[in-house]
Amino acid sequence: MKDKFDRMKELIHILSEASKAYYQENRELMSNFEYDKLYDELLELEKETDTVLANSPSVHVGYELLTSLEKEPHSSPMLSLDKTKEVGQLEEWLGDQKGLLSWKLDGLTIVLTYQDGVLLKAVTRGNGEVGEVVTNNAKVFVNLPKKLAYKGTLVIRGEAVIHYSDFERMNEEMEDLDSRYKNPRNLCSGSVRQLNNEVTAKRNVRFYGFSVGDVPDVDFHNSVEEKFIWARSLGFDIVDYVAVTKDTVAEEVERFSQAIETNDQPSDGLVLIYDDIAYGRSLGTTAKFPRDSIAFKWADEIAETTLKEIEWSPSRTGLINPVAIFDPVELEGSTVSRASLHNISVMEELELGVGDQISVYKANMIIPQLAENQTRSGDAPIPDTCPACGGKTEIEEENGIRTLVCPNQFCSAKKIKLFSHFVSRDAMNVDGLSEASLHKMMNKGLLNELYDLFTLKDHMEEIIEMEGFGEKSFHNLVDAVERARKVTLPKFLYSLGIANVGLSNAKLICRYFEDDLDAIRNADADDFTVIDGIGPVIGDAVSGYFRLENNRQTVDGLLQYVEIEKKQPEKTEKILDGKTFVITGSLEHYENRKQLQEQIELLGGKATGSVTKKTDYLINNNKNSTSSKNKKAMELSIPIITEEEFMDMIK
Ligand SMILES: NC(=O)c1ccc[n+]([C@@H]2O[C@H](COP(=O)([O-])OP(=O)(O)OC[C@H]3O[C@@H](n4cnc5c(N)ncnc54)[C@H](O)[C@@H]3O)[C@@H](O)[C@H]2O)c1
Ligand SMILES: [Zn+2]
């Protein structure tokens, strides 16, 4: 018994340290997989000993409240959810009840209270009993109704999330690399749980309701679904759900699993709730869980394998990240042989060594990750020279996280990455130049300066000799380069690869300077900071870039070949008049759905949220996805088009 208690205490300590880092500091000391495993071990011990020790996470939810935000107790506790990984259990749990199956969104849980049709307050889940007041921040969530037709008191619980597409864009533009967020949940939490709502406003936070409180003057006929429909009619976005019975739940779970890849909303499983409100309530709650709903977690398919090596992967920014390379294994239907280890700290935490027996899984069925290291030999060396340029590496430490960097300004990895950034789609957009081809061309001395790209056409002999290149691909490449010579100024500025200057920032800068490149080149750092959305770090980066003679020469060299397109007067011909579009899945050319929607509206069309008979086109880059929208479109014979097809349509 004593040993068991010791272990329980130890587990409680480890788990609460992990929770503190996870919820308070947006850091992960361990993978969710490891966390859940230790948690299950604790539950098992609590069962065996019939004892629950103080501070056990099995009876507490959430996090301690350490922020300086105002606190407020919840009128009824905000609970966690019981979990299963087996569809069979969902069927059993449903019995003869009707259920609603939805995404389990992975963001920050919030309770909103509306009164007299306006938002009165917004409070986070916090530790379940007491939450943080974030009303001002919630007011700038992008999709919350500003005024409700319903004037009574309405309490609605839901999840605040940041979509993947927004997350990726914002992370890319994050001023310094260390402040980048690991996932949309971290970014969302950081964006909402802080004092300045100007920050929140820039982060495109969305709210999806999943629980609508009772209101005295509306009869919902005892149905959760009716509440959802009513809340939607008031202007709220409700989490995507589908009605199920025990006979259909398995196929719907399968359908959700197929849709994960194209779902822009971050999720970490599904939630099933009884539609029958009175029945659900009659079941009551445990200390930690309500009994009217249950979470479904994707059973992580785990595979055992052997670590073959740790590859150190340099980047344009100088960071050199460790990647685990292992004997190939099958996971969730594809072969996996590598997983990012993110930084030195993660690698050290796992005590990795070549030849170790490791287990790997796909986090939320998407991203390969190391779950465990059984051997823990811990002898994987950290290279003291850069794998690309051979220069000496340095270890940097910030917030307890150690990263490896190559400080060499002329590192060849930086050069390859610089070229590959230069030719990438949002920059000069030259098709057909992989990093491998760039590497070969660099080795042949064909590419030294960015503008050498435009002289490749004079090197036909050398290029068609290269492995993987023939005459045809050479001509394709020359055509692609030729096409790329016409470019807008923001894309050109972005293509230079100036630290922290993403495409959106480049656009802001160009708009402010009215597309005058000379003015941008000669501006001081301070001249940039007056631009809304541009901070001193970017100001320094841009002015610093143009101060260097080397860079000035590069730009002059480029301008011999590149023709900066003057902005076309906006095309306002209403060529999409009367056409209705639905947009789904992640976007590649438009920064987010809103931008694509604006384009559609500018041309006289309309973008709506769901596919109906009135829809003319569904825009989805993944035509073969089995998402509900795709299925619906197919049923109604509505054409599904990609972004590129859409762009052709409006050319
Ligand atoms: N890696 C780490 O160090 C670490 C540390 C702590 C916790 N964790 C992770 O967090 C998990 C526990 O987290 P938790 O208790 O915050 O949440 P949970 O996983 O138990 O989820 C329950 C919550 O999901 C939310 N939710 C989202 N969509 C919903 C929907 N459609 N319907 C109803 N509710 C919905 C609700 O707020 C609910 O409270 C652990 O299993 C672990 O994976 C990891
Ligand atoms: Zn280097």
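Residues numbered from 1 in each chain as written. Chains lettered and ligands numbered in written order. Predicted model: local features only at pLDDT ≥ 70, side-chain atom pairs only at ≥ 80, totals over all residues. Heavy atoms only, no water.

## What to know about the coordination of the zinc ion (ligand 2)
Counted only if it meets this: Metal sites are built from N, O and S donor atoms within 2.8 Å, or 3.2 Å for Na, K and Ca, and they leave out water, so they may look incomplete. The geometry test gives tetrahedral to four donors whose angles all lie between 85 and 135 degrees, gives square planar to four donors and octahedral to six donors whose opposite members are over 155 degrees apart with all other angles between 65 and 115, and gives irregular to the rest. The classification of residues rests on relative accessible area computed with a 1.4 Å probe and restricted to protein chains. Under 20% of the type maximum is buried, over 50% is exposed, and intermediate values are partly exposed.
Bound to the zinc ion (ligand 2) are the protein donor atoms Cys386 (SG), Cys389 (SG), Cys406 (SG) and Cys411 (SG), situated 2.2 to 2.4 Å from the metal. Of note is the zinc ion (ligand 2), whose four donor atoms meet at the metal with angles of 103 to 113° in an arrangement that counts as tetrahedral. Each donor residue of the zinc ion (ligand 2) belongs to the same chain, with the gaps between them written as C-x2-C-x16-C-x4-C. Here Cys389 falls in the partly exposed class, since its relative accessible area comes to 28%.

## Here we look at the packing of aromatic side chains
To keep things clear, this is the line we draw: Put simply, two rings from Phe, Tyr or Trp (the six-membered ring, in Trp's case) pair if the centres are within 6.5 Å, and we call them stacked under 30 degrees between planes, edge-to-face over 60, tilted for the rest. Going along the chain from the N terminus, every DSSP run of H or I of four or more residues is numbered as a helix, and every run of E of two or more is numbered as a strand.
Applying the stated criterion to the full structure yields 17 aromatic pairs. Note on Tyr512 and Phe513: the rings are 5.0 Å apart at their centroids and 85° apart in plane angle, and the pair reads as edge-to-face. Residues Phe581 and Tyr617 carry aromatic rings whose centres are separated by 5.4 Å and whose planes lie at 20° to one another, so their mutual orientation is stacked. Highlighted residues: Phe581 in strand β21 (residues 580-583) and Tyr617 in strand β23 (residues 617-619), separated in sequence by 36 residues. Neither residue differs from the other here; Phe581 and Tyr617 are each classed as buried. Grouped by ring-pair contacts, the aromatic residues Phe581, Tyr590, Tyr617 and Phe646 constitute a single cluster.

## Remarks on unusual backbone geometry
Although it is not a glycine, Asn55 adopts a positive phi angle of roughly 65°. Positionally, Asn55 belongs in the loop between α2 (32-49) and β1 (71-73). Using a relative accessible area of 60% as the deciding quantity, one classes Asn55 as exposed.

## Let's talk about the site of ligand 1
Cut-off, in case you're wondering: Throughout this document, a residue counts as near a molecule or strand when at least one of its heavy atoms sits within 4 Å of that molecule or strand. Polar contact criterion, stated in full: a pair of N or O atoms within 3.5 Å, where within protein one must be able to donate a hydrogen and the other to accept it, and residues adjacent in sequence count only if both atoms are side-chain atoms. Here, Shrake-Rupley sampling with a 1.4 Å probe gives the accessible areas, and only protein chains in the shown set may cover a residue. Classification convention: Asp, Glu, Lys, Arg as charged; Ala, Val, Leu, Ile, Met, Phe, Trp, Tyr, Cys, Pro as nonpolar; all other residues, Gly among them, as polar. Where a domain begins and ends is set by an automatic assignment or by a domain database.
Surveying the vicinity of ligand 1 reveals 22 residues, the closest of which are Tyr23, Asp36, Ser80, Thr109 and Arg125. One of the side-chain nitrogen or oxygen atoms of Lys83 is found 2.9 Å away from an oxygen atom of ligand 1. Here an oxygen atom of ligand 1 and a side-chain polar atom of Arg125 are 2.4 Å apart. In isolation ligand 1 offers 860 Å² of accessible surface; the protein chains occlude 92% of this area. Of all the secondary structure elements, the ones that give two or more residues to the shell around ligand 1 are α1 (2-24), α2 and β3 (99-105). A breakdown of the residues in the shell around ligand 1 according to their chemical character gives 11 nonpolar, six polar and five charged. When residues of the shell around ligand 1 are assigned to domains, at least three fall in each of domain 1 (2-49) and domain 2 (71-296).

## Here's the deal with the sheet that holds strand β11 (residues 293-296)
Heads up, the rule is: By the convention used here, strands pair only if DSSP detects at least 2 bridges between them. In this description, contact between two residues means that some pair of their heavy atoms is separated by no more than 4.5 Å. Under this scheme, a helix contributes an axis fitted over its contacting stretch, all axes are lines through C-alpha atoms, and angles between N-to-C directions fall in the 0 to 180 degree range.
Read across the sheet, five strands follow the order β2-β11-β10-β3-β9 without closing on themselves; strand pairing throughout is mixed. One side of each edge strand has no neighbouring strand; the edge strands of this open sheet are β2 (83-84) and β9 (241-244). Direction of pairing for β3 relative to β9: antiparallel, over a ladder of four bridges. Pairing of Leu101 across the sheet is with Val242, part of β9. The strands touched by helix α9 (residues 249-259) within the sheet are β3, β9, β10 (267-274) and β11, with β3 carrying the most contacts at an inclination of about 25°.

## Topic: the domain arrangement of the protein
In plain terms, the rule: Defined here as a combined quantity, buried area equals the accessible surface (1.4 Å probe) lost by two parts on assembly, summed across both.
Partitioning the protein into structural domains gives domain 1 (2-49), domain 2 (71-296), domain 3 (303-385 + 398-405), domain 4 (412-565) and domain 5 (580-649). Relative placement of domain 1 and domain 2: their C-alpha centres are 26 Å apart. Listed by partner, the interface residues are six residues for domain 1 and 10 residues for domain 2. Together, the buried faces of domain 1 and domain 2 total about 690 Å²; carbon and sulfur atoms form 21% of this surface. Where domain 1 touches domain 2, the interface holds three residue pairs in polar contact (both at pLDDT 80 or more). Per-element accounting of the side of domain 1 that touches domain 2 gives the leading share, three residues, to α1. Partitioning the side of domain 1 that touches domain 2 into residue classes produces three nonpolar, two polar and one charged.

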